[in-house]
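Results of the structural survey
Single-letter residue listing:
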Amino acid sequence: MDFRLSKQKGIKEGVSKKVLELLVHINQRVKGNDNIQLPVDSLLVQYQDPSATSFVTNFTIIYIKMGFPRMPLNKQALLVPAVLSSLQGKPESHQDSLLLMIMPIMAEVMAPTEDPAKKLNYLGLSERPGVAKTFHAFLLDYLLLPYGSHPSISSEPKEKGSKTLNVPAAMSEHAWKRVAGDAVMPSEVLEKRKCSIVKFLGTGLLADMEIALPLLISSSDSRHSVATEADTVQRKFAGFIDWEDPNLIGKVYAMFLGTLVIKDKQGKATSGAVKLEHRRTPSNTRIRLKLMPRLLNSREAAMQFPACIQVTFDLLFGTTGNSNAKLKTMAVQFIHHIIEHCPENRLSAIGAVLLSALSRLVSGGDSSGLSLEHTKNGSSNVRSDDEEKQN
């Protein structure tokens, strides 16, 4: 088959037509019989051939997707590094198809060694940073997929002839469409695949810092099996993840707040703003309850401005509904955390903002589970800190 596909390169039109007819005949015979094995490893080599035409590439990926699920699980797992390698320089639609193809068997992927350094090189991601970035983002978005949801299920038409999508928490429309597949996935199937991905995250094939956020997101999953598996893997890697890393904390804030868009006086997004379909929605209450403890235990989180202020105000006064009494209590604790660990030069600039937030809580008589004494103590701490710096 791969021989016939390769013969489509640089041959006369009459011969090309005959080869195409033969491929159509093969397709009819093979498609309806799952017992027929296809040479997927050879097809992957053909797919990566830089001299292959788009015609050959498009036909090849069809047969790769057809033949891959028919192979034994161990054979599929062995081909995952080759599948990831084939993503280099390919169209996004092809990348999505191949990544969706390997998601169900991620738990089966194992390196043939226990050497940690060799494990990290097994998938070949260090040599292809672009592929690594795509793969990591795809795994994270797949774990964010809500159960029983799909882009094809739209809300009420906003205007005549147009529909709006209820984009899931912490996702963008673009990311949702990439990982959702062609149809609504049964909840039990999605749950099983998420568990498979979480187990894969615990194999040591990815860098510790790359699995930190996916594991945190998985621990907030609404299905007990996924959350439990994530907690197990988290405990295994707890001592290896640096929650003081600025890049990691930045990702936590981005997940928490979503994409922030700066608008002009007319309320329109300024030039250079992220495209609408790529804007991520804020995380929901379930996810935030997992993110906040990490922020509260990180000194670096107290120093990332304005994100630390935005999180505090969002939890205390936000209108998105992504907060509750427990998160508001954490927000007050976070103010104390900022006061304690934020550098003096930066704290002097934001002290008034923090004080206004606490004063607003006290004067507003917010009784949603917050400790009034705790809040007043926070106000006193901000005042005394500001006064000390002024003196």
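Residues numbered from 1 in each chain as written. Predicted model: local features only at pLDDT ≥ 70, side-chain atom pairs only at ≥ 80, totals over all residues. Heavy atoms only, no water.

1. Side note on the pattern of salt bridges
Tallied over the full model, the rule gives eleven salt bridges. Of the charged contacts, one joins arginine 223 and glutamate 191 as a salt bridge, the two residues approaching to 2.9 Å between their closest N and O atoms. With arginine 223 in the loop between helix 11 (208-218) and helix 12 (224-237) and glutamate 191 in helix 10 (residues 187-201), the pair connects residues that are 32 residues apart, well separated along the chain. Using a relative accessible area of 24% as the deciding quantity, one classes arginine 223 as partly exposed. Here glutamate 191 falls in the buried class, since its relative accessible area comes to 17%. (Salt bridge = Lys/Arg side-chain N within 4 Å of Asp/Glu carboxyl O. Helix = DSSP H or I, 4+ residues; strand = E, 2+ residues; numbered from the N terminus. Buried < 20%, exposed > 50% of the residue type's maximum accessible area, 1.4 Å probe, protein only.)

2. Let's talk about the nonpolar core
Most often, soluble globular proteins keep nonpolar side chains buried together rather than apart. Counting 106 residues, the largest nonpolar core has Ile102, Leu123, Phe135, Phe200, Met292 and Phe334 as its most contacted members. Examining the composition of this core, we find that nine residues originate from one element, helix 8 (residues 129-144), more than from any other. If we ignore the near neighbours within four places in the chain, the residues touching leucine 123 are Val80, Pro81, Leu84, Val109, Phe135, Phe200, Leu205 and Leu206. (Core = buried A, V, L, I, M, F, W, Y, C linked by side-chain atoms within 4.5 Å. Contact = heavy atoms within 4.5 Å.)

3. Thoughts on a nonpolar patch on the surface
A contiguous nonpolar surface patch, about 210 Å² in accessible area, is contributed by Leu20, Val24 and Phe55. Here phenylalanine 55 lies in helix 4 (residues 54-67). (Patch = residues over 30% accessible without salt bridge, like charges linked within 9 Å, V, L, I, M, F, W, Y side chains within 5 Å. Areas by Shrake-Rupley, 256 points an atom, 1.4 Å probe, with all protein chains shown as cover.)

4. Some words on the packing of aromatic side chains
Counted by the stated rule, this structure contains five aromatic pairs. On the numbers, 5.2 Å between centres and 50° between planes, the contact of phenylalanine 55 with phenylalanine 59 is tilted. Placement of both phenylalanine 55 and phenylalanine 59 in helix 4 is noted, with a separation of four residues, approximately one turn of the helix. On the accessibility criterion, phenylalanine 59 (18% relative accessible area) is buried. Taking 6.3 Å as the distance between ring centres and 25° as the angle between the ring planes, the aromatic pair formed by phenylalanine 59 and tyrosine 63 counts as stacked. Of this pair, phenylalanine 59 and tyrosine 63 both sit in helix 4, separated by four residues, roughly a single helical turn. Neither residue differs from the other here; phenylalanine 59 and tyrosine 63 are each classed as buried. (Phe/Tyr/Trp six-rings, centres within 6.5 Å; stacked < 30°, edge-to-face > 60°.)

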